[in-house]
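Here are the chains, one letter per residue:
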Amino acid sequence: MPEDANRRDLLRSTFDAVAPAYQGARPEYPDRLFDDLAEWAELSPSSSLLEIGPASGKATLPLARRGYTLTCLELGVELAARAAANLAAYPRVRVVRAAFETWVPPPGERFDLVFAANAWHWIDPDRRYGKAHELLRPQGRLALWAATHVFPEGGDPIFAELQPTYDEVDPHPGQEPSCYRPGQLPDARREIEATGLFTDVRVRQYDWETVHDAESYIALINTFSSHIAMSTPERERLFSEIRRRLSLRPDGLLRRHWGSVLQVATRKP
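The present account deals with the structure reproduced in this document. These numbers come from a predicted model, not from an experiment.

### Considerations on the nonpolar core
- In this structure, W145, I242 and L262 are the most contacted members of the largest nonpolar core, which totals 47 residues.
- Membership of the second largest hydrophobic core comes to 23 residues, among which are I52, F100, Y129 and L142.

### Considerations on the pattern of salt bridges
- Going through the model one piece at a time under the given rule, you end up with 16 salt bridges.
- With a shortest N-O distance of 3.0 Å, R204 and D36 are connected by a salt bridge. In this pair, R204 is assigned in strand β7 (residues 198-212) and D36 in helix α3 (residues 31-40), connecting sequence segments 168 residues apart.
- Residue classification places R204 among the partly exposed positions, given a relative accessible area of 39%.
- Looking at D36, the relative accessible area reads 9%, which means it is buried.
- Residues D112 and R137 are paired through a salt bridge, measuring 2.8 Å at the closest nitrogen-oxygen approach. Of this pair, D112 sits in strand β4 (residues 111-117) while R137 sits in strand β5 (residues 136-145), and the two are 25 residues apart along the sequence.
- Classification of D112 by relative accessible area gives partly exposed; the value is 23%.
- Residue classification places R137 among the partly exposed residues on the basis of a relative accessible area of 33%.

### Looking at the packing of aromatic side chains
- For the structure shown, the criterion picks out 10 aromatic pairs.
- Plain terms: the ring middles of W208 and W258 are 6.3 Å apart, the flat faces sit at 15° to each other, and that makes the pair stacked. Residue W208 is found in strand β7, and its partner W258 is found in strand β8 (residues 254-267); the two are separated by 50 residues along the sequence.
- Judged by its relative accessible area of 15%, W208 is buried.
- Through a chain of ring-to-ring contacts, the aromatic side chains of Y29, F34, F115 and W145 assemble into a single cluster.
- Directly above the ring of F100 sits K131, whose terminal nitrogen or CZ lies 5.4 Å from the centroid.
- Here R256 stacks its cationic end above the ring of W258, 4.5 Å away from the centre of that ring.

Cut-offs used in this document
- Residues numbered from 1 in each chain as written.
- Predicted model: local features only at pLDDT ≥ 70, side-chain atom pairs only at ≥ 80, totals over all residues.
- Heavy atoms only, no water.
- Core = buried A, V, L, I, M, F, W, Y, C linked by side-chain atoms within 4.5 Å.
- Buried < 20%, exposed > 50% of the residue type's maximum accessible area, 1.4 Å probe, protein only.
- Salt bridge = Lys/Arg side-chain N within 4 Å of Asp/Glu carboxyl O.
- Helix = DSSP H or I, 4+ residues; strand = E, 2+ residues; numbered from the N terminus.
- Phe/Tyr/Trp six-rings, centres within 6.5 Å; stacked < 30°, edge-to-face > 60°.
- Lys NZ or Arg CZ within 6 Å of the ring centre and 35° of its normal.

Next comes the structure, spelled out in C-alpha cells:
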C-alpha cells in the first residue's frame, strides 16, 4: 500500500477515540446548505439517501428531521454507536458499521442520493466515484461537502500567533497550512467530471463563524485527525499556549471562520 494510503487509513481510524466529544465539539452546517442540497438533488419525502462516514450524525440530523430515509455507513465502532443513539428518534434512519468501499447493499437497493460531509477525502480515491455510481439509481445524485477553516480579512489573529507553536509540535513537518479566503475554496468540479460517471455539477460556497472560549476550542481541535495523532506532550504544549493566549484577552474568546463547498452531480447512465 502506498505511503499516502497508509497514512490516510491511519488518520481515518483516529476519530473513534474522540467519539464522545464529536457531536458537541464540531460545528453545525448552515441551514441554507441543506436547502440547496434538497433542491439540487430533487429530494422528496420518499427519497432514499446513503451517507458515507456520518461520525456522530452531525450532517445526518438535519436531513433526518426533514423526513428522508437514510442509511449511514460508519467505520468506527464508538462513532457508529453514538450516531445510532443520536438518531434513535428517527425510525427511517439506520446506522450500519461498515466501510463504504466494501459495503454491499441488500439485493436491488439503490439510492436517490449518495453524500459525504467531511468524509470523502478519507475514501480510497481509486474506488469512491465508481462505488457511488454503482449505488445510485438512474439520475441519482452525488453530493460532497466539508467544513474548512477560512481566513477573512480582519479575522482573528490568533491563528497566525499560534503558528510557531504548531511548527514546534507538528509531527509531520513540511505540510504548509492552506489559508483560503471565504468564497475562494477550491471545488472538485473538474475531478468529478473527469471520472466520466457524473455530469451537471452544481457548486456553491457557504461561510459562517463560530466563537469559542479556550476549552470549547480545544475540544473542537481535539476532534481533528492531525491533533489526535499528536503525542500527549505535543498536544499539551499546544493546548497550554491556546489557554495562555486567550487568558490575555478581556473576553477570553476567539473567532473561527468556516467555509463549505457543496458539490452536487448527477449520475450518468
